[in-house]
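Remarks on the overall topology
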Amino acid sequence: MNYSNRFFVCALLGLPLGAHLIDIDAPLWLWALLITQFYIYPHLLYWRARTARDQLRAEMPHLLLDCAASGAWAAGLGFPTWLSFVLFACNNINFVAFYGGHAGVPRLVGAMGLGAAVVWFSGLHYPLNPHTGVAATVLSMVALTLYLVAFGHTGHQRALAWRKSNLKLREQYQKINALQARLREQAVRDPLTGLYNRRHLGEVLEPELARCRAARSSLAVLLVDVDHFKCINDTRGHAVGDLVLQNLAQLMQRHVRAQDMVFRYGGEEFLLLLPDISLDTATQRAEALRTAFCQTPLRVSGKDTPPLTVTLSCGVAAFPLHADQGEALISCADQALYAAKRQGRNRTQVWPPMMHAACG
């Protein structure tokens, strides 16, 4: 990244320095040093950084070397005003870009000061002369202006690239969030019916019971089982069995309130959580669901295939009347369901079965 900056600024700075060397009638060895410093040196540093294991770590000493060399040139030429200023300004821009203002400026001053002190106190310099010729002054202004424009353009391009990258990352983040939400939803949904699965029941039952306890409200549990489902699979095939489960799931979703939750509890068993509802109302809801399903024959594909009438058995239990813990409440509903099956199926039974007359 810094190669283009260093090469460009060195190529620009070589022009006012060359103009000043003409003004002072500099010897050939100083011209050779200028060409080496400003037109060969950048490529050598680039090669060293590219071959380093850690390019950024290798580049940082190069910045210090740039500043020390600039200080040495300023002192060696007798501190001409415009040349000293443009050397300091260009190195300052580059240094602050890498180190920041608080850390960059002290390093810049220290490195340039060290380079200038070595040359000045060694006596290898021209006499102190702040005067700068017209050509060198104009070229210093042009060099600094062009470098500022180029640096600003590079910064603008990097800002645009950063914004584009940021927008892309934001889009990817939104896609990841949407995918995670979809995966979370899939993790708690039964793939065949689209209802919540038994795993999700374990996550929501106890919190819902805790809410009902705090609100002194009730919670009814309905367990629904498809009668003779194994016979349907054996005689009509598993595709028809799946269709029965899907139709039942759709019917239950149409018969629940917004606060109710429907789960596929087992193979052909479904569970409904009905919060804030009385036992009698929950029993009526179960009976209405049972009646609606058995009165809607399932039409199966095939001209000679008669519609399939399927019945349901339901077991009902309620918190806090029958149990105050989730597993115990489901167990009560399950025993009520099996009581309904023992009594001939196609009926709704409330727990405890000995204290309630069977419905249907």
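This is a predicted model, so every value here is computed, not measured. Think of each chain on its own: its residues are numbered from 1, step by step along the sequence as written. For a predicted model such as this one, the threshold for reporting local features is a pLDDT of at least 70, and the threshold for listing and counting side-chain atom pairs is 80 or more; totals across whole chains, interfaces and linings nevertheless cover every residue. Calculated side-chain values reflect all of the structure's heavy atoms, with hydrogen atoms and water omitted.

**Topic: the nonpolar core**
Keep this limit in mind: Nonpolar core, defined: a set of buried Ala, Val, Leu, Ile, Met, Phe, Trp, Tyr and Cys residues in which side-chain atoms within 4.5 Å join the residues together. Note on classification: 1.4 Å probe, protein chains only; a residue is buried when its accessible area is under 20% of the maximum for its type, exposed when over 50%, partly exposed between these limits. Counting from the N terminus, the helices are the DSSP runs of H or I reaching at least four residues and the strands are the DSSP runs of E reaching at least two. Pairs of residues are marked as contacts when any of their non-hydrogen atoms sit within 4.5 Å.
If you look at the biggest cluster of nonpolar residues, it comprises 33 residues, and the most contacted ones within it are Leu-222, Val-226, Val-244, Met-252 and Leu-308. Top contributing element to this core by residue count: helix α9 (residues 238-254), with 7 residues. Apart from residues lying up to four places away in sequence, Leu-222 is in contact with Phe-270, Leu-271, Leu-272, Leu-274, Ala-282, Ala-286, Gly-315 and Val-316. Counting 22 residues, the second-largest nonpolar core is a separate cluster that includes Ala-26, Phe-38, Leu-77 and Ala-143.

**Some thoughts on unusual backbone geometry**
Residues Phe-319 and Pro-320 are joined by a peptide bond in cis, for which omega reads 5 degrees. Structurally, Pro-320 can be placed in the loop between β4 (312-319) and α11 (326-342). Between Trp-351 and Pro-352 the backbone carries a cis peptide bond, its omega angle lying at -5 degrees. Residue position: Pro-352 is located in the segment after β5 (348-350). For Phe-79, which is not glycine, the phi dihedral falls at a positive 55 degrees. The residue Phe-79 is located in the loop between α3 (55-76) and α4 (81-99) in this model. Owing to a relative accessible area of 31%, Phe-79 belongs among the partly exposed residues under this scheme. For Asp-276, which is not glycine, the phi torsion reads 55 degrees and is therefore positive. Mapped onto the secondary structure, Asp-276 falls in the loop between β3 (269-275) and α10 (279-294).

**Re the sheet that holds β4**
To keep things clear, this is the line we draw: Only when DSSP finds a minimum of two bridges between them are two strands counted as paired. Each axis is a line fitted through C-alpha atoms, and for a helix only the stretch in contact is used; angles between axes span 0 to 180 degrees, taken between their N-to-C directions.
If you trace the 5 strands from one edge of the open sheet to the other, you get β2-β3-β1-β4-β5, paired in mixed fashion. Unpaired on one side and paired on the other, β2 (261-264) and β5 mark the two borders of the sheet. Along the sheet, successive strands turn relative to each other by an average axial angle of 20 degrees, direction set aside. Examined bridge by bridge, strand β1 (residues 219-226) and β4 share 8 bridges and lie antiparallel to one another.

**Here we look at the domain arrangement of the protein chain**
Here is the rule we go by: The split of the chain into domains comes from an automatic or database domain assignment.
Under the domain assignment, the protein chain is made up of domain 1 (3-163) and domain 2 (198-350). Here the C-alpha centre of domain 2 lies 82 Å away from the C-alpha centre of domain 1.

**Some thoughts on the UniProt feature "transmembrane region" (unreviewed entry) in the protein chain**
Spelled out, the test is: UniProt positions are given in the numbering used here, feature names are shortened, and annotations may be inferred rather than shown by experiment.
As annotated by UniProt and renumbered to match this structure, "transmembrane region" (unreviewed entry) occupies residues 29-47, 108-128 and 134-154. Structurally, residues 29-47 is divided into 100% helix and 0% strand, and its ends, taken at the C-alpha atoms, are 25 Å apart. With 100% helix and 0% strand, residues 134-154 has end C-alpha atoms that lie 30 Å from one another.

**A few points about the pairing of β1**
Among the 8 residues that make up β1, 8 are buried, leaving the element largely enclosed by the rest of the structure. Neither face of β1 is exposed, since Leu-219, Val-221, Leu-223 and Asp-225 on one face and Ala-220, Leu-222, Val-224 and Val-226 on the opposite face are all buried.

**A few points about the side chain of Asp-227**
Let me state the cut-off plainly: Between N or O atoms, a polar contact is any pair within 3.5 Å; within protein, one atom must be a potential hydrogen donor and the other a potential acceptor, and residues adjacent in sequence are included only when both atoms are from side chains.
With respect to the helices and strands, the residue Asp-227 is situated in the loop between β1 and α8 (229-236). A distance of 3.0 Å separates a polar atom in the side chain of Asp-227 from the backbone nitrogen of Asn-346. In this view, Asp-227 contacts Ile-232, Val-310, Thr-311, Leu-312, Ser-313, Lys-341, Arg-345 and Asn-346; residues no more than four positions away in its chain are not counted.

**A closer look at the pattern of salt bridges**
The test is simple: Throughout this description, the term salt bridge denotes a Lys or Arg side-chain nitrogen within 4 Å of a carboxyl oxygen of Asp or Glu.
All chains considered together, the criterion is met by 11 salt bridges. The partner of Arg-211 in a salt bridge is Glu-208, and the shortest N-O contact between them spans 2.8 Å. Residue Arg-211 and its partner Glu-208 are both found in helix α7 (residues 198-215); the two are separated by 3 residues, about one turn of the helix. The closest approach of N and O atoms between Glu-287 and Arg-290, which form a salt bridge, is 2.2 Å.

**Describing a nonpolar patch on the surface**
For clarity, the cut-off: Distance thresholds for patches are 9 Å for like charges and 5 Å for nonpolar side chains (Val, Leu, Ile, Met, Phe, Trp, Tyr), applied to residues having over 30% relative accessible area and no salt bridge. In these tables, accessible area is a Shrake-Rupley quantity obtained with a 1.4 Å probe, and a residue counts as shielded only by the protein chains included in the view.
Nonpolar side chains collect at one region of the surface, where Phe-8, Val-134, Val-138, Val-142 and Leu-146 lie side by side and expose about 410 Å² of accessible area between them. Take the nonpolar patch: its biggest share by element is 4 residues, from helix α6 (residues 134-187). Looking at the secondary structure, you find Val-142 in helix α6. For Val-142, a relative accessible area of 39% gives the class partly exposed.

**Looking at the pairing of β2**
What you see with β2 is no split at all: Met-261 and Phe-263 on one side and Val-262 and Arg-264 on the other are buried throughout. The turn linking β2 back onto β3 is made up of 4 residues.

**Some thoughts on the packing of α9 against α10**
Axis angle and axis distance: for two packed helices, these are the angle between their axes and the distance between the axes, and together they describe the pair. The test is simple: When an angle is under 35 degrees it counts as roughly parallel; over 145 it counts as roughly antiparallel; between 65 and 115 it counts as roughly perpendicular; any other value is oblique. What makes a crossing left-handed is the near helix being turned counterclockwise from the far one by less than a right angle; a clockwise turn instead makes it right-handed. For this scheme, ten residues count as nonpolar: Ala, Val, Leu, Ile, Met, Phe, Trp, Tyr, Cys and Pro. Four count as charged, namely Asp, Glu, Lys and Arg, and the remainder, Gly too, count as polar.
Running from N to C, α9 and α10 cross one another at 135 degrees; their axes reach a closest spacing of 11 Å. Here α9 is positioned oblique relative to α10, judged by the angle of their axes. In this structure, the crossing between α9 and α10 has a hand that is right-handed. Only Leu-289, Ala-292 and Phe-293 of α10 make contact with α9, whose side of the interface consists of Val-244, Asn-247, Leu-248, Leu-251 and Met-252. Across the contact of α9 with α10, the residue classes tally to 7 nonpolar, 1 polar and no charged.

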